[in-house]
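Observations on the three-dimensional arrangement
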Amino acid sequence: MTVVRDVPKQLFIGGTWQDAESARTLSVDNPATGEELCQVADASPADGQRAVDAAVAAQAAWAATAPRVRSEILRRAYDLIIERTEVLALLMTLEMGKPLAEARAEVAYGAEFFRWFSEEAVRIDGGLTTAPDGRNRLLVTRQPVGPCLLITPWNFPLAMGTRKIGPALAAGCTVVLKPAPQTPLTSLALAAILTEAGLPAGVLNIVTTTDAAGVVEPLLRGGQIRKLSFTGSTAVGRILLAQCADTVIRTSMELGGNAPLIVFEDADLDTAVEGTMVAKMRNMGESCCAANRIYVHTSVAREFAARLTTRMAALRVGPGTEPGTDVGPLIDATARSKAHDLVQDAVKHGATVLTGGELPTGPGCFYPPTVLAGLTPEAAINDTEIFGPVAALVTFDTEDQAVTAANDTEFGLASYLFTQNLDRALRVADRLESGMIGLNTGLVSNPAAPFGGIKQSGLGREGGRVGIDEFLEYKYIAVPVGA
Ligand code: NAP
């Protein structure tokens with residue numbers, strides 16, 4: 001396939017494409033067919049170190065590059081991404097599985113981080129105030145934190161990269177990106193685009209590897225990396241936080257979710273069903289913000305379940321490249337088994353399957369859109385991220401019950417609530433323990449908004465006005481008055 005053939009397959013270090021030192025390669029597969037798409041370089045720890053050395057070498061010059069110049073490189077890259085929407089969308093569909101329409105939407109969403117942060121690059125501010133005792137002027141400036149390590153998952157191959165690369169470059173930081181081994185092609189294509197947009201050598205380096213732990217740990221312990229920005233599971237986030245503790249590296253952690261979605265009796269049911277479809281089925285349910293537990297007031301539960309089941313059963317499952325496909329394959333066989341095991345466990349504990357729930361035969365990692373009613377507290381879904389197209393419904397009777405159940409999790413990334421009562425909306429939003437809330441909507445992601453979680457869903461925010469702060473340090477200079 002031409003789009004795959006045209007993507008560089010090597011490591012990107014110091015502005016040049018290079019084979020892994022060991023000449024090892026890793027296989028990139030199409031989850032819709034199980035077939036190999038291509039091989040890309042499989043980095044060793046020594047390759048990782050070379051990438052960090054390149055980022056360190058480029059740091060001073062990039063930090064000294066005028067903000068307008070940094071901004072315009074990002075803006076040119078934004079234009080190029082948009083211009084190449086079809087190529088990038090097809091690449092993502094091939095390596096990750098999502099339907100082409102969703103991949104195109106990710107291109108628009110992912111590109112927007114470059115446009116947003118191209119605008120923020122020229123607005124990095126400081127301050128000058130007088131100390132309360134009048135003896136000193138307090139001059140505050142902002143500086144790039146330094147070389148950063150960025151680690152991303154496979155579920156949004158473009159956007160998870162641009163959401164980190166955009167603010168880091170805008171702030172004046174150089175970076176090493178380690179994408180997920182399932183979806184390296186989009187990141188490699190992005191490196192080519194940034195180079196075309198004029199990014200100097202060494203500012204962005206890309207290391208693809210099957211040995212994430214072996215490559216990353218020495219880099220975090222080596223003392224050259226000043227910042228880790230990680231998106232992935234909470235389990236891996238905990239390991240990386242511990243490694244960063246030893247060298248006191250700044251971290252941003254975008255970790256796992258277990259989003260509750262609450263439908264109150266006064267919700268507009270059309271809006272609630274539509275919002276639930278988006279919150280549940282965007283990216284086949286393989287989203288950190290995916291609705292994992294759906295609480296519906298008893299008085300509307302039957303009607304809501306019937307309407308949701310009709311919508312879910314009507315979705316077309318198939319390869320993302322086929323026109324009309326609504327639901328592509330899951331990322332791999334392990335992800336599919338996990339979703340199916342969770343469904344079987346829920347049924348064992350008393351839930352009823354309203355649609356789906358059968359493991360399909362044939363090639364590809366497909367799983368049918370599934371609705372479960374009557375999820376009981378014993379079911380593993382209550383505290384496990386499903387990461388698949390499974391909607392699990394629970395009924396409730398009082399607002400207090402719904403909020404207590406929604407908050408009964410170690411995670412706190414996204415929550416959703418559906419109600420037409422403004423007092424209730426604000427009261428419940430206040431009480432929900434999550435970094436983001438969708439009020440009468442199933443979509444919270446927006447490059448202009450601060451994306452991130454509380455509790456064990458993470459530390460820090462990506463996007464919005466604060467996204468660039470994650471890559472900047474304050475420096476305060478005391479200036480005696482009259483000096
Ligand atoms: P994962 O297993 O934690 O992997 C994420 C990334 O970390 C991959 O590149 C992975 O490479 C790497 N990694 C794994 N172990 C590592 C280690 N010991 N040292 C360094 N790097 C390591 O997560 P995933 O299964 O790919 O992604 C799904 C998870 O990401 C879900 O929990 C989801 O909620 C979360 N997520 C969160 C957000 C957010 O913004 N909060 C967004 C998207 C996804 P390997 O694959 O080679 O191990």
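On a predicted model such as this, the values are computed, not experimentally measured, just so you know. (Residues numbered from 1 in each chain as written. Predicted model: local features only at pLDDT ≥ 70, side-chain atom pairs only at ≥ 80, totals over all residues. Heavy atoms only, no water.)

What to know about the pattern of salt bridges
- Summed over all chains, the structure comprises 27 salt bridges.
- For Glu 120, the salt bridge goes to Arg 465, with nearest N and O atoms at 3.1 Å. Here Glu 120 is found in helix H5 (residues 100-120), whereas its partner Arg 465 is found in the loop between strand S19 (458-459) and strand S20 (472-480), with 345 residues between them in sequence.
- Residues Asp 400 and Arg 431 are paired through a salt bridge, measuring 3.0 Å at the closest nitrogen-oxygen approach. Of this pair, Asp 400 sits in helix H13 (residues 399-406) while Arg 431 sits in helix H14 (residues 422-431); the two residues are 31 residues apart in sequence, bridging distant segments of the chain.
- With relative accessibility at 44%, the residue Asp 400 sits in the partly exposed group.
- Through salt bridges with shared partners, one network takes in Glu 265, Asp 266, Glu 399, Arg 424 and Arg 427. (Salt bridge = Lys/Arg side-chain N within 4 Å of Asp/Glu carboxyl O. Helix = DSSP H or I, 4+ residues; strand = E, 2+ residues; numbered from the N terminus. Buried < 20%, exposed > 50% of the residue type's maximum accessible area, 1.4 Å probe, protein only.)

Observations concerning the packing of aromatic side chains
- For the structure on display, the rule yields 4 aromatic pairs.
- Seen from their ring centres, Trp 154 and Phe 387 are 5.7 Å apart, and the 90 degrees between their planes marks the pair as edge-to-face. Of this pair, Trp 154 sits in the loop between strand S7 (148-151) and helix H6 (159-171) while Phe 387 sits in the loop between strand S15 (370-373) and strand S16 (390-396), placing them 233 residues apart in sequence. Both residues of the pair, Trp 154 and Phe 387, count as buried.
- Across the ring face of Phe 451, the terminal group of Arg 163 is positioned such that the distance to the ring centre comes to 4.1 Å. (Phe/Tyr/Trp six-rings, centres within 6.5 Å; stacked < 30°, edge-to-face > 60°. Lys NZ or Arg CZ within 6 Å of the ring centre and 35° of its normal.)

Topic: helix H4 (residues 85-96)
- Under the 1.5 Å per step criterion, the end-to-end length of H4 is 16 Å for 12 residues, consistent within 8% with the ideal 16 Å.
- Those residues of H4 that sit buried are Thr 85, Leu 88, Ala 89, Leu 90, Leu 91, Met 92, Thr 93, Leu 94, Glu 95 and Met 96.
- The inward-facing, buried residues of H4 contact helix H1 (2-5), strand S3 (25-29), strand S4 (36-41), helix H3 (67-83), H5 and helix H7 (184-196).
- Positive phi shows up at Gly 97, right after H4, with a value of about 110 degrees. (Expected span 1.5 Å × (residues − 1). Contact = heavy atoms within 4.5 Å.)

Quick word on the packing of helix H2 (residues 45-64) against helix H8 (residues 212-221)
- Contact geometry of H2 with H8 gives a least axis separation of 8 Å together with a crossing angle of 45 degrees. As summarised for this structure, H2 and H8 are arranged oblique, according to the angle between their axes. Viewed along their axes, H2 and H8 form a crossing whose handedness is right-handed. Only Gly 214, Val 215 and Leu 219 of H8 make contact with H2, whose side of the interface consists of Pro 45, Gly 48, Gln 49 and Val 52.
- Grouping the amino acids of the contact of H2 with H8 by side-chain chemistry returns 4 nonpolar, 3 polar and no charged. (Axes fitted to C-alpha atoms, helices over the stretch in contact; angles between N-to-C directions. Parallel < 35°, antiparallel > 145°, perpendicular 65-115°, else oblique. Left-handed = near helix turned anticlockwise from the far one by under 90°. Nonpolar A, V, L, I, M, F, W, Y, C, P; charged D, E, K, R; others polar.)

Structural notes on the environment of Cys 38
- For Cys 38, the position within the fold is in strand S4.
- Sequence separation between Cys 38 and Val 4 is 34 residues; the distance between their C-alpha atoms is 7.5 Å.
- The contact partners of Cys 38, leaving out residues within four places of it in the chain, are Val 4, Lys 9, Leu 26, Ser 27, Val 28 and Leu 185.

Quick look at the domain arrangement of the protein chain
- Taken domain by domain, the protein chain comprises domain 1 (2-255) and domain 2 (259-446).
- Here the C-alpha centroids of domain 1 and domain 2 sit 31 Å apart.
- With 22 residues of domain 1 at the contact, the number on the domain 2 side is 28 residues.
- Surface buried jointly by domain 1 and domain 2 totals about 1,800 Å² across both partners, of which 61% is contributed by carbon and sulfur atoms.
- Applying the counting criterion to the domain 1 and domain 2 interface returns 1 salt bridge.
- In this structure, Arg 238 engages Glu 410 in a salt bridge whose closest nitrogen and oxygen atoms are separated by 3.6 Å.
- Here domain 1 and domain 2 share 6 residue pairs in polar contact (both at pLDDT 80 or more) between them.
- Listed by contribution, the elements that provide at least two residues to the side of domain 1 that touches domain 2 are H4, H5 and helix H9 (234-247).
- Per-element accounting of the side of domain 1 that touches domain 2 gives the leading share, 5 residues, to H4. (Domains from an automatic or database assignment. Buried area = accessible area lost by both parts, 1.4 Å probe. Polar contact = N/O pair within 3.5 Å; in protein donor to acceptor, adjacent residues only side chain to side chain.)

Concerning the nonpolar core
- If you look at the biggest cluster of nonpolar residues, it comprises 65 residues, and the most contacted ones within it are Val 263, Cys 289, Phe 304, Leu 308, Ile 381 and Tyr 416.
- If you count residues domain by domain, this core takes at least three from each of domain 1 (2-255) and domain 2 (259-446).
- In contact with Leu 308, other than residues within four places in its own chain, are Val 273, Thr 276, Met 277, Val 371, Ala 391 and Leu 393.
- Leu 100, Val 145, Leu 199 and Leu 204 belong to the second-largest nonpolar core, a separate cluster that totals 62 residues. (Core = buried A, V, L, I, M, F, W, Y, C linked by side-chain atoms within 4.5 Å.)

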